[in-house]
Amino acid sequence: MKTKLTRFDLQSMKESGKKAVWVTAYDYWTAQFAEKAGMDMILVGDSLGMCIYGYEGTIPVTMDQCIYHSEAVRRGAPNTFVIGDMPFLSYQVNADEAVRNAGRFFKEARVDAIKLEGGQRVCAQIRAISDGGMLVMGHIGLTPQSSGQLGGFKAQGRTAEAAIDLIEDAKAVEKAGAFSLLVEAVPQEVCKIIRDVLTIPVYSIGAGADADGQLMIVSDILGIFQAFTAKFVKRYANLGEETLKALETYAEEVRAGRFPEPKHTYGMLEGEHAKLMAALKK
Ligand code: KIV
């Protein structure tokens, strides 16, 4: 049986140069496959807003939705390090609300850590959650909950000035008590500097290979999410096309009378059909 990693295992992996690999998951069956495939971590991302609920972004996602999906993932992957993603407005208002909402993930969904977006401006929240005894992962670079301020879903840290701000954010997040940091859609050179400067593990999603591990959105790599594909995504399957093909074939066979066949159909027990017909004649 797979053994669930701890923060210390993740730290040792960084120190020994062993890459951590993780994906998002939002439901029981995907979590089961992720665990079977040997993922080191699973993120129940607020990207579920787009991937599951069909929203345009992550802003409408609620705490209850995140808890509900984290519970399903926990059941599917009992032996994998699961991270719950704090949705918009669950931590921005103040540190007290952040602690209470982070606590719900641990109490109700039995996650191993939570993640929240932002650098220096959320350090009070990171400190408070960490002081509450909970593991916090930071997330900087392209932070989808503030995509309006960032001018859209765009790569970040591409100028020297912006890169310096990101490096300062990264240092502040570590100092505030985060056990690891996710860097999204940032040039590889900048992520490498952050990885080298910090002592905690630094993971990449769209920030190149010079990180302590890689995260991908499961619906992107399986070819399920069709609305758009970011530059940093690699598709490992095309389940979208497969699903469409399967549903179209099913519909065609039912309409043509080719499904169900006798092998898909139950029969009555021996002699019971004759008894039924006789009873119906009375
Ligand atoms: O919600 C999510 O899946 C995320 C990734 C985009 C990093 O936060």
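Owing to the predicted nature of the structure, the values given are computational and were not obtained by experimental measurement.

### Here's the deal with the overall build of the protein
Move 1: For the protein, the count of helices and strands is twelve helices and eight strands.
Move 2: Each principal axis of the C-alpha distribution contributes one length, and for the protein these read about 85 × 40 × 35 Å.
Move 3: Going through the 282 residues of the protein one by one, you find that 48% of them count as buried.
Move 4: Approximately 15,000 Å² of the protein is accessible, and the part contributed by carbon and sulfur atoms is 57%.
Move 5: Taking the average location of the 32 positive side-chain charges in the protein and that of its 35 negative ones, the two points are 4 Å from each other.

### A word on the packing of helix α2 (residues 28-36) against helix α4 (residues 63-76)
Move 1: Running from amino to carboxyl end, α2 crosses α4 at an angle of 40°, the nearest separation of the two axes being 7 Å. When the axis of α2 is compared with that of α4, the two are oblique. The way α2 lies across α4 gives a crossing that is right-handed. Between α2, through Y28, A31, Q32 and E35, and α4, the contact on the second element is made entirely by A72, V73, R75 and G76.
Move 2: Residue classes in the contact of α2 with α4 are distributed as four nonpolar, two polar and two charged.

### Notes on the site of the ligand
Move 1: Taken together, 13 residues sit near the ligand, with G45, D46, S47, D85 and K115 positioned nearest.
Move 2: In this structure, an oxygen atom belonging to the ligand sits 2.5 Å away from a side-chain N or O atom of S47.
Move 3: At 3.1 Å from an oxygen atom of the ligand is found a side-chain nitrogen or oxygen belonging to D85.
Move 4: In isolation the ligand has 260 Å² of accessible area, and contact with the protein removes 96% of it.
Move 5: Grouping the amino acids of the shell around the ligand by side-chain chemistry returns five nonpolar, four polar and four charged.

### What about a nonpolar patch on the surface?
Move 1: A cluster of nonpolar side chains, I59, F88, L89 and V93, forms an exposed patch at the surface whose accessible area comes to about 340 Å².
Move 2: Position of V93 among the secondary structure elements: in the loop between β3 (81-85) and α5 (95-109).
Move 3: Judged by its relative accessible area of 51%, V93 falls in the exposed class.

### A short note on the domain arrangement of the protein
Move 1: Segmentation of the protein into domains returns domain 1 (7-237) and domain 2 (242-281).
Move 2: A C-alpha centroid distance of 47 Å is found between domain 1 and domain 2.

### Focus on the pattern of salt bridges
Move 1: Inspection of the entire model under this criterion finds 14 salt bridges.
Move 2: D112 is the salt-bridge partner of K4, the closest N and O atoms lying 2.7 Å from each other. Of this pair, K4 sits in the segment before α1 (7-16) while D112 sits in the loop between α5 and β4 (113-117), and the two are 108 residues apart along the sequence.
Move 3: In this structure K4 comes out as partly exposed when scored by relative accessible area, which is 28%.
Move 4: A salt bridge links D196 to K192; the shortest N-O distance between them is 2.9 Å. Of this pair, D196 and K192 both sit in helix α9 (residues 188-197), four residues apart, which is roughly one turn of the helix.
Move 5: If you follow the salt bridges from partner to partner, you end up with K4, R74 and D112 in one network.

### What to know about α9
Move 1: Those residues of α9 lying buried are V190, C191, I194 and R195. All buried residues of α9 lie within an arc of 140° about the axis, which places them on one face of the element.
Move 2: On its buried face, α9 is in contact with α1, β5 (136-141), α8 (160-176), β6 (180-184) and β7 (202-205).

Criteria and thresholds
- Every chain is numbered on its own, with residues counted from 1 as its sequence reads.
- Reporting of local features is limited, given that this is a predicted model, to residues whose pLDDT is at least 70; pairs of side-chain atoms are given and counted only at 80 or more, and all residues count toward the totals for whole chains, interfaces and linings.
- Neither water nor hydrogens contribute to the side-chain values; these are computed over all heavy atoms in the structure.
- Helix and strand labels come from DSSP, where a helix needs a run of H or I of at least four residues and a strand needs a run of E of at least two; each type is numbered from the N terminus.
- Burial classes follow relative accessibility: with a 1.4 Å probe on protein chains only, a residue under 20% of its type's maximum area counts as buried, one over 50% as exposed, and anything between as partly exposed.
- Exposure was quantified through the Shrake-Rupley algorithm and a 1.4 Å probe, taking into account, for residues, occlusion by the shown protein chains and nothing else.
- Under the counting rule used here, the positive set is Lys and Arg, the negative set is Asp and Glu, and His together with the chain ends is not counted.
- Taken as the charge location is NZ of Lys, CZ of Arg, CG of Asp or CD of Glu.
- As a rule, the C-alpha atoms of each element are fitted with a line to give its axis, helices using only the stretch in contact, and angles between N-to-C directions run from 0 to 180 degrees.
- Relative orientations are named as follows: roughly parallel for angles under 35 degrees, roughly antiparallel for angles over 145 degrees, roughly perpendicular for angles from 65 to 115 degrees, and oblique for any other angle.
- A clockwise turn of the near helix away from the far one marks a right-handed crossing, whereas an anticlockwise turn of less than a right angle marks a left-handed crossing.
- In what follows, a contact means two residues having at least one pair of non-hydrogen atoms within 4.5 Å.
- Three residue categories are used. Nonpolar comprises Ala, Val, Leu, Ile, Met, Phe, Trp, Tyr, Cys and Pro, charged comprises Asp, Glu, Lys and Arg, and polar comprises the others, including Gly.
- We call a residue near a molecule or strand whenever a single non-hydrogen atom of that residue lies within 4 Å of it.
- Contacts described as polar in this section are N or O atom pairs within 3.5 Å, which, within protein, must combine one atom able to donate a hydrogen with one able to accept it, while residues neighboring in sequence count only if both atoms come from side chains.
- The residues that make up patches have over 30% relative accessible area and no salt bridge, and they are joined within 9 Å when like-charged or within 5 Å when they are Val, Leu, Ile, Met, Phe, Trp or Tyr.
- Any Lys or Arg side-chain nitrogen located within 4 Å of an Asp or Glu carboxyl oxygen qualifies as a salt bridge.
- Each domain span listed reflects an automatic or database assignment of domains.
- The directions considered for the arc run from the helix axis to the C-beta atoms.

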